[in-house]
Amino acid sequence: MSEKVYNLEEAATLSPSGEKYIVLQIGPSHPGSGHMRLVVWLDGDIIVKVDPDIGFVHRTSEWLSERREWIKAVPIVERIMLPDTIHANLSYVLAVEKLLGIEPPPRAQYLRSLAAEINRITSHLYGIGIFGIFLGSSTVYMWAFGDREPFLDLMEMLTGARITYSYIIPGGVRWDMPNGFKERAETVLQYMERRLKDYEDIWVKNPVVQARTINVGVMKREDAISLGVVGPNLRASGVYYDTRKHKPYAAYKDLDFEVPVMKNGDAYDRLLIRVEEIKQSIRMIRQILKDIPEGKIIADNIYNQLNPVMKKVYEEKRRVMFPAYMIHLRPPPGEATSMVEAGRGEIFFYIKSTGDKYPYRFRWVTPSFRNLPFFTHVAVGHRLADLPAIYGSIDYFPPEADR
Amino acid sequence: MNLKEELSRISQAVEIDEKKSHYKVSVEDPSKLIKAAQDLKSLGFDHVVSVTGVDYPDKIEVIWHVSSYSVEELKSINLALSVSVKKPEPRKEYDPNKRALVLKRPPVRVPSLVSVWPSGAFNEREAFEMFGIIFEGHPDLRYLMLPEDFYEAWPLRKDFQHEKMKVFLE
Amino acid sequence: MMELIPLIIWLIQDLLYIVVFPGLVTILVLAIVIIWLERKIAAKVQMRFGPLWVSKRIGGALQSVADLLRFSFQEFIVPEKSDRWAFIVAPGLMFAFSMISLIFIPVGPYYSYLFPSYYTILFSVGMIIITPIFAILVGWSSDNKFSFIGALREAFLLISYEVPFLLSVASMIVLYRTFNYVDAVAYQFRGLPGLVLNPLAALTLLIVMIRTTGRFPFDITEADSELVMGLFTEYSALFFGIGMATPYVELYAFSLIFSLLFLGGWWPAPLYAHGPIMGLIIPGIVVVVKAFIVMALLVFLRAVYPRYRLDQAIRSGWSYVLLLSVLSVLLSFGEVMLLR
Amino acid sequence: MSEVRKPRDPVTGHIKALAKGFKYLIEPNRMTLDYPAETMKLPPNYRGFFTVDDVKCIGCSMCEMVCPPEAITMVPRIVGSGGKTLPAESAPQDQKAAKRTKRPVVNWGKCIFCYFCVDVCPVDAFRPTGVHDVAFYTDREYRPTYEEYLNPPEDPYKSSKKVVSKADKKRGVSYEPAP
């Protein structure tokens with residue numbers, strides 16, 4: 001932070017042409033912007049005001065989902081949050097299940113948590129990698145993206161796809177855990193644990209990284225609460241809040257895990273908290289693999305609607321086929337909300353049904369959208385070179401914010 | 001703390017279904033909204049999760065979903081604060097660009113709660129451009145995501161006509 | 001007729017001097033090799049192959065050649081509002097001055113007859129110091145805010161790292177009591193290499209080298225996540241290629257200076273010898289190999305470090321590095337007093 | 001969590017970082033596949049291109065209804081001998097004798113490989129082909145006719161070395177020749 005502190009009220013009155021300031025348009029085609037534009041007012045090297053201009057990848061997911069059958073929203077919400085598809089999928093399905101009044105069986109709950117935790121690791125690795133390339137370290141970028149690979153392979157084994165899994169459906173999950181999954185997962189977890197030490201040496205405890213991130217982009221606890229930031233960024237500011245603990249879903253009630261909380265709220269804490277959450281996810285995956293109960297992976301009232309061919313497929317391949325009911329889901333009138341702790345933070349769904357074959361109102365808020373105040377409030381007063389550090393540390397994913 | 005009691009003090013219309021974790025406080029009069037929001041904030045609901053509208057044939061319901069980071073008992077609760085405003089009648093107006101009469105759907109007005117919950121700022125901007133809800137008192141009510149040619153289109157209202165979109169659909 | 005023969009030999013030697021050591025051919029080959037090596041080292045650390053498919057049998061070593069070809073067939077676009085002449089000339093001048101500095105760096109005991117000078121250290125250092133000024137011109141003439149900020153950063157860094165650079169070279173001048181590379185090498189032949197005699201100056205020069213040639217962690221003027229491509233944002237085609245190559249030429253020049261001043265020059269080749277083979281080629285190879293090792297060490301840093309912020313770099317330039325260079329001068333004085 | 005945050009002193013930090021980089025330089029941990037030269041043999045459950053069993057299909061249009069991107073269209077067919085279908089144009093003169101049915105065709109330009117259609121099929125008539133990385137060069141190729149759809153795109157890297165990935169404790173992912 002510079003000694004000269006600009007307050008936001010003063011910054012808001014600046015003329016957009018900026019006679020006194022350099023106005024930088026960072027993005028939408030800029031290596032350090034992603035699919036968005038940051039309009040930055042600079043006084044010398046100091047940022048006076050940042051105006052995030054989002055919406056370049058606005059994909060009208062709400063509009064599309066309100067004009068389609070209920071089940072068709074599953075792939076749509078996934079495509080918005082590509083590094084983190086399971087959570088979008090899960091969150092939507094939870095809301096629909098609340099409307100339908102279906103409760104998935106315990107094995108399906110565990111499988112949901114398993115997929116979610118594997119996905120959380122890949123999502124955090126994605127974030128660490130992007131943070132790396134924003135600060136100039138191509139090694140961490142490549143490492144993190146490479147180390148997603150074993151986890152993506154695991155998910156491929158489980159779901160048959162690498163990114164867009166469409167794994168979770170109302171009432172359960174679509175595929176059961178295949179043979180050999182547990183052994184492979186254990187190998188991958190051991191690999192990741194060993195690699196985290198490498199990350200520590202070359203990235204987390206690298207003096208250059210520490211110089212770039214410690215006391216940069218400080219989000220104080222009170223600000224974090226009043227600005228409503230989410231996820232690891234919130235916990236880095238010292239707020240103990242995790243949807244998995246406070247609004248438990250899937251199998252998180254039964255799992256034993258800690259929620260890492262830091263207190264400084266700077267970019268370095270936000271980096272550390274992601275590393276810690278990877279460790280917790282590894283711990284949770286071990287528990288799930290150990291404790292996973294036997295049984296069906298789909299709710300009974302859906303299983304009973306399967307025809308004999310489908311039941312045979314289910315017994316042989318442990319694959320759930322859709323009864324015709326799935327196409328014509330018509331939840332009773334009412335509204336439901338659901339919240340899920342995704343890799344970047346909390347996804348919120350608000351769905352209103354009028355008993356029709358389409359959702360009447362489909363509203364969702366993604367974590368990146370709620371992390372936007374980092375640009376408008378935290379970046380002010382820092383140097384231009386701190387902007388990528390702040391951007392990278394909050395793990396902002398523009399398509400996710402635009403929806 | 002008995003949540004139901006506290007909430008019913010704020011407004012008469014309170015729906016609570018703990019099994020479905022559904023909590024909703026409806027305010028009849030938009031002018032009482034800020035008071036209700038302040039009361040909720042003093043209860044401990046300190047941040048806005050989502051601000052959205054729901055378009056009905058005759059009215060628009062504006063919903064603030066709020067939750068708490070600071071009060072331990074409220075962390076598991078996601079509360080909806082809703083207010084309904086009647087939609088003004090759409091009227092035909094001459095559009096010099098199209099050289100024709102076009103149907104104008106006037107926006108509705110509700111007080112902005114940014115002064116109470118700063119975390120709703122971006123959400124309210126989104127609700128403004130999607131539903132045509134003017135949040136009075138919002139410090140920076142601009143279009144957020146939509147481009148300029150969607151000016152006053154209010155795309156998430158049910159009567160939105162998407163002539164331009166046909167090209168993209170097929 | 002017979003009296004022409006020595007002249008012809010001199011001509012051949014001068015030609016060799018300019019073209020081969022440390023001259024044009026070597027720098028071209030070395031630039032290609034070092035760019036390839038940089039990418040390969042980074043790829044090794046980063047768990048991937050690196051350039052491979054251009055020439056698969058030799059590990060993709062011709063990738064840089066392919067890039068050069070691509071650059072030379074691209075369209076060169078001059079932005080409408082740029083300062084046209086400066087925009088075109090500045091990268092060339094920047095490249096030229098970094099090349100000129102090479103002429104004053106002898107790689108063997110052979111004294112060129114074209115550039116005989118007793119002050120080769122001063123000349124080469126002077127020429128290297130001029131190049132960043134043209135870098136600032138490049139940034140200024142583009143009429144792009146990112147280039148402009150890049151130019152400002154270059155200017156700030158130039159000033160803050162020039163002094164330690166000059167002081168570290170000055171400390172070696174004090175130590176060797178000469179302005180001449182050959183005498184400096186001769187001094188090291190008689191005793192220990194400069195690295196042992198004055199490690200502080202060596203460290204300072206290394207840091208300055210990293211900074212001036214824009215290696216990590218001082219990759220500040222073209223920090224791509226902030227400034228797109230820094231100075232060269234608006235450039236395209238061969239001019240962009242020149243912009244990419246100049247730091248490597250500077251890196252080569254710096255590494256030659258480093259190996260001559262600190263690594264014993266062309267030791268273990270004989271100190272004084274005559275003829276193009278013993279006087280130029282063999283010592284040249286030795287020096288270039290040493291310089292190459294230094295270059296490889298510096299390009300390896302890319303695989304380890306992110307970049308510092310501008311103010312951090314400037315602060316350390318004016319504090320730690322300056323302190324180091326002042327100490328190195330004092331150390332040299334001390335050693336000179338002691339040895340006398 | 002404060003012990004995690006404790007900063008390392010710069011000298012140790014630099015040395016450790018450099019040492020780690022150097023370790024990976026001499027002992028590389030290569031993870032990438034030499035892609036077109038080696039390609040993956042896809043696991044049986046991989047969601048790649050798929051085709052329909054002409055005989056099994058009953059033309060119920062469920063797949064068309066569930067398809068989220070509306071990529072599936074049903075084309076009219078008539079039932080021929082042995083359960084195989086014929087194009088509707090080749091119907092015999094006596095229209096009433098022809099048994100009419102429908103068959104699905106997937107527009108690959110729209111398909112998102114969610115496999116909802118595969119799962120909704122009441123007779124399990126779709127089957128995956130184990131092909132994934134296909135490039136189309138014209139718009140026409142995206143939209144196959146039904147006959148083309150029965151023979152989905154071929155693997156363009158047939159001649160390359162086929163490998164399968166394996167979890168590895170040391171390297172994360174290693175590749176071994178496909179069985």
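Details of the structure are given in the entry above.
The text that follows walks through the structure, step by step, so that each part is easy to find. (Residues numbered from 1 in each chain as written. Chains lettered and ligands numbered in written order. Predicted model: local features only at pLDDT ≥ 70, side-chain atom pairs only at ≥ 80, totals over all residues. Heavy atoms only, no water.)

**A closer look at the nonpolar core**
What tends to happen in soluble globular proteins is that the nonpolar side chains get buried as a cluster. Formed by 242 residues in total, the largest nonpolar core has its most connected members in Tyr92, Tyr167 and Trp203 of chain A. Here this core spans two domains, and each of domain 1 (8-53) and domain 2 (61-402) of chain A adds at least three residues to it. Those residues in contact with Tyr92 of chain A that sit more than four places away from it in its chain are Trp70, Ala73, Val74, Val77, Phe349, Ile351 and Phe362 of chain A. Counting 43 residues, the second largest nonpolar core, distinct from the first, contains Leu7, Ala127, Ile134 and Leu156 of chain B. (Core = buried A, V, L, I, M, F, W, Y, C linked by side-chain atoms within 4.5 Å. Buried < 20%, exposed > 50% of the residue type's maximum accessible area, 1.4 Å probe, protein only. Domains from an automatic or database assignment. Contact = heavy atoms within 4.5 Å.)

**Description of the packing of aromatic side chains**
Scanning the entire structure with this criterion turns up 49 aromatic pairs over all chains. Judged by centre distance (5.2 Å) and plane angle (20 degrees), the rings of Phe97 of chain C and Phe134 of chain C are stacked. Here Phe97 of chain C is found in helix 4 (residues 84-103), whereas its partner Phe134 of chain C is found in helix 5 (residues 120-141), with 37 residues between them in sequence. On the basis of relative accessible area, Phe134 of chain C is assigned to the buried category, the value being 15%. Among the aromatic side chains, those forming a connected cluster through ring pairs are Phe49, Phe50, Trp108, Phe113, Tyr115, Phe126, Phe136, Tyr142 and Tyr149 of chain D. We note Lys296 of chain A situated over the ring of Tyr303 of chain A; from NZ or CZ to the ring centre the distance is 4.5 Å. Taking the ring centre of Trp53 of chain C as reference, the NZ or CZ of Lys56 of chain C above it sits at 4.2 Å. (Phe/Tyr/Trp six-rings, centres within 6.5 Å; stacked < 30°, edge-to-face > 60°. Helix = DSSP H or I, 4+ residues; strand = E, 2+ residues; numbered from the N terminus. Lys NZ or Arg CZ within 6 Å of the ring centre and 35° of its normal.)

**Notes on the interface of chain D and chain A**
How large an interface is tends to be reported as the accessible area lost when its parts come together. Residue-level contacts link 48 residues of chain D with 65 residues of chain A. Between chain D and chain A we count 5 salt bridges in total. Across the pair Asp124 of chain D and Arg319 of chain A runs a salt bridge, and its minimum N-O distance is 3.4 Å. Between chain D and chain A we count 22 residue pairs in polar contact (both at pLDDT 80 or more) in total. Those elements giving two or more residues to the side of chain D that touches chain A turn out to be helix 1 (2-5), helix 2 (10-26), helix 3 (62-66), helix 4 (116-120), strand 7 (161-168) and strand 8 (172-177) of chain D. A total of 8 residues in the side of chain D that touches chain A trace back to one element, the largest contributor, which is helix 2 of chain D. Taken together, the residues of the side of chain D that touches chain A sort by class into 26 nonpolar, 8 polar and 14 charged. (Salt bridge = Lys/Arg side-chain N within 4 Å of Asp/Glu carboxyl O. Polar contact = N/O pair within 3.5 Å; in protein donor to acceptor, adjacent residues only side chain to side chain. Nonpolar A, V, L, I, M, F, W, Y, C, P; charged D, E, K, R; others polar.)

**With respect to the sheet that holds strand 4 (residues 59-67) of chain B**
All names here are of chain B. Strand order in this open sheet of 5 strands is 1-2-5-4-3, and the pairing throughout is mixed. Of all strands in the sheet, those with a lone pairing partner are strand 1 (13-17) and strand 3 (47-55), marking the two edges. Taken pair by pair, the neighbouring strands of this sheet meet at an average axis angle of 20 degrees, ignoring direction. Pairing of strand 2 (residues 22-27) with strand 5 (residues 79-86) involves 5 bridges; the strand directions are parallel. Each bridged residue has a counterpart across the sheet, and for Val27 the counterpart in strand 5 is Val83. Together, strand 1, strand 2 and strand 5 form the strand contacts of helix 1 (residues 3-10), whose direction differs from that of strand 1 by roughly 155 degrees. (Pairing = 2+ DSSP bridges. Axes fitted to C-alpha atoms, helices over the stretch in contact; angles between N-to-C directions.)

**Quick word on the state of the cysteines**
By definition, a disulfide links the sulfur atoms of two cysteine residues through a covalent bond. Residue and element names in this part refer to chain D. Counted according to the given criterion, the structure contains 0 disulfides over all chains. Between Cys57, a free cysteine, and Cys121, which holds the nearest cysteine sulfur, the sulfur-to-sulfur gap is 6.4 Å. Take Cys121: it sits in no disulfide, and the sulfur closest to it among the cysteines is that of Cys60, at 6.0 Å. (Disulfide = S-S within 2.5 Å.)

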